[in-house]
Amino acid sequence: MAAKLILLGFWIALLCRFARQVRVGGSLLTGGLILAALTGLIATGNGASLEKLRLIGNLLMLPVGLLVGRMVGRDSLGLIIPVLVLYLLLSSSFQMTHEGLRLNQPFLFLGLFALCSVARWRGHRLLAAAAGLAVLLSQTRIAVLAMLVNLIGMIRFSRAMTWLVGVIVLAGVSWIAVSHLPRLFLTHGSGRLAFWQDFWGLWQGGSVGQRWLGFGAGAVEETLSGYQSFASFGALHNDHFRMLFETGILGAGLWLLGWGVMLWSVRHARLAVCILFSAMLTMVTDNTLNYGHYLICCGIASGIAARAGCDHG
């Protein structure tokens, strides 16, 4: 958690240098109020102080990244991409599982892909292709799906050459995936649905206060630790449901409103919308809120795309 807080503090400090340039519009004001309300709900609710701090820090990653992209622009890429590439070179490795070899760090590679999708320097397409290949080699289905959503925002569908090249590339990638990445197409049950149903039952069986205000930050991990059959999961693998369970109906409502405001604020840039939506999509089956480095990459990339959309408009 310390590394995430340092990362968050660095980008907030950088934003302070651009504070005079900030124009407080309707979206920024509304988003700030929603975030403040959700943060206050978590801070005053149940749960250990450390868990509250962790959840609040994770929630700040995406909006802070979005502001960095909007305010700092592509200059921020010169700070984050070299560090991210160096870290991935040092930490990436193939891991043997019962489903074969899989490359680790799928969400960091996905974040690198998002950053490369808004870069405009020589070699960014090659780096994006390498990041995309790494996501495929991770055989993490939700990460691959999110990458495809990001890719939709990058493609100019009005060009005939796009369709010609796209069909050929899609056919080639599909053949490679079917032949060498079988996990992407497996339909085996992960066990998630079973304990989602259990948690739904726990939430429904809670008091009125717990249903409206939640069971508190860290309640998911605490509950899972008491399940011998589910202890290996360690988390709920569904951040939208997690927000409902830990912050209640009120918190889940603020959570969804926050997403709506962020998407609305970048609505003029298709790529920015796709990047944000891809991050939102990963939260359906994974613990993306815990992946602060990935979230800040998505926020920065979406902010840059939105800023470019404004400049071109």
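In what follows, the structure referred to is the one given above.
Overview of the structure. (Residues numbered from 1 in each chain as written. Predicted model: local features only at pLDDT ≥ 70, side-chain atom pairs only at ≥ 80, totals over all residues. Heavy atoms only, no water.)

1. Some points on the overall build of the protein
Okay, step 1: For the protein, the count of helices and strands is 14 helices and two strands.
Okay, step 2: Burial statistics for the protein: of 313 residues in total, 44% are counted as buried.
Okay, step 3: Just so you have it, the protein exposes about 15900 Å², and 67% of that area is on carbon and sulfur atoms. (Helix = DSSP H or I, 4+ residues; strand = E, 2+ residues; numbered from the N terminus. Buried < 20%, exposed > 50% of the residue type's maximum accessible area, 1.4 Å probe, protein only. Areas by Shrake-Rupley, 256 points an atom, 1.4 Å probe, with all protein chains shown as cover.)

2. Some words on helix α6 (residues 124-138)
Okay, step 1: With 15 residues, α6 extends 21 Å from end C-alpha to end C-alpha; this agrees with the ideal 21 Å at 1.5 Å per step.
Okay, step 2: Within the sequence span of α6, burial applies to H124, A128, A131, G132, A134, V135, L136 and S138.
Okay, step 3: Positive phi shows up at Q139, right after α6, with a value of about 55°. (Expected span 1.5 Å × (residues − 1).)

3. A few points about the nonpolar core
Okay, step 1: One finds W11 and L115 to be the most contacted residues of the largest nonpolar core, which totals 77 residues.
Okay, step 2: Residue contacts for W11: discarding those within four places in its chain leaves V64, V68, S76, L79, I80, I296 and I300. (Core = buried A, V, L, I, M, F, W, Y, C linked by side-chain atoms within 4.5 Å. Contact = heavy atoms within 4.5 Å.)

4. Some thoughts on unusual backbone geometry
Generally, phi is negative for residues other than glycine and the peptide bonds are trans, each holding for most cases.
Okay, step 1: Of note in this structure, Q105 is not a glycine but carries a positive phi near 60°.
Okay, step 2: Among the secondary structure elements, Q105 is positioned in the loop between β2 (100-103) and α5 (106-116).
Okay, step 3: A positive phi angle, close to 60°, is found at H237, a residue other than glycine.
Okay, step 4: Take H237: its relative accessible area is 11%, and that puts it in the buried class.

5. What about the side chain of T247?
Okay, step 1: Along the chain, the position of T247 falls in helix α12 (residues 239-265).
Okay, step 2: Leaving out residues up to four positions away in the same chain, T247 has contacts with L41, I42, W212, L213, G214, R242 and A252.

6. Let's talk about a nonpolar patch on the surface
Okay, step 1: Where nonpolar side chains cluster on the molecular surface, the patch consists of V208, W212, L213, I249 and L250 and spans about 470 Å² of accessible area.
Okay, step 2: Only α10 (208-213) and α12 provide two or more residues apiece to the nonpolar patch.
Okay, step 3: When residues in the nonpolar patch are grouped by element, the largest group, three residues, is from α10.
Okay, step 4: Among the structural elements, I249 can be located in helix α12. (Patch = residues over 30% accessible without salt bridge, like charges linked within 9 Å, V, L, I, M, F, W, Y side chains within 5 Å. Salt bridge = Lys/Arg side-chain N within 4 Å of Asp/Glu carboxyl O.)

7. Here's the deal with the pattern of salt bridges
Okay, step 1: Overall, the coordinates contain three salt bridges when judged by the stated rule.
Okay, step 2: A salt bridge links R242 to D239; the shortest N-O distance between them is 4.0 Å. Taken together, the residues R242 and D239, both in helix α12 and three residues apart, mark about one turn of the helix.
Okay, step 3: Two residues, R242 and E246, come together in a salt bridge whose shortest N-O distance is 3.5 Å. Here R242 pairs with E246, and both are found in helix α12, just four residues apart, close to one helical turn.
Okay, step 4: Here E246 falls in the buried class, since its relative accessible area comes to 2%.
Okay, step 5: Each of the salt bridges in this network shares a partner with another, and the network as a whole consists of D239, R242 and E246.

8. Notes on the packing of α5 against α6
Okay, step 1: At their nearest, the axes of α5 and α6 sit 8 Å apart, and the two run at 155° to each other. The angle between α5 and α6 falls in the class roughly antiparallel. Between α5 and α6 the crossing geometry is left-handed. Side by side, α5 and α6 meet where P106, F109, L110, L112, F113 and C116 of the first sit next to H124, L127, A128, A131, G132, A134, V135 and S138 of the second.
Okay, step 2: Along the lines of polarity and charge, the residues of the contact of α5 with α6 split into eleven nonpolar, three polar and no charged. (Axes fitted to C-alpha atoms, helices over the stretch in contact; angles between N-to-C directions. Parallel < 35°, antiparallel > 145°, perpendicular 65-115°, else oblique. Left-handed = near helix turned anticlockwise from the far one by under 90°. Nonpolar A, V, L, I, M, F, W, Y, C, P; charged D, E, K, R; others polar.)

9. A short note on the packing of aromatic side chains
Okay, step 1: Tallying each qualifying case throughout the model produces eight aromatic pairs.
Okay, step 2: Where F107 meets Y294, the ring centres are 5.5 Å apart and the plane angle is 65°; that geometry is what we call edge-to-face. Here the residue F107 occupies a position in helix α5, and Y294 occupies one in helix α14 (residues 292-312), the gap between them amounting to 187 residues.
Okay, step 3: Geometrically, the ring pair formed by W200 and F241 is tilted, given 6.3 Å between the ring centres and 55° between the ring planes. Residue W200 is located in helix α9 (residues 192-204), and its partner F241 is located in helix α12; the two are separated by 41 residues in the primary sequence.
Okay, step 4: A relative accessible area of 38% means that W200 is categorised as partly exposed.
Okay, step 5: Cluster of aromatic residues (ring-pair linked, three or more members): F107, Y291 and Y294.
Okay, step 6: Taking NZ or CZ as reference, R267 lies 3.9 Å from the ring centre of W264, over its face. (Phe/Tyr/Trp six-rings, centres within 6.5 Å; stacked < 30°, edge-to-face > 60°. Lys NZ or Arg CZ within 6 Å of the ring centre and 35° of its normal.)

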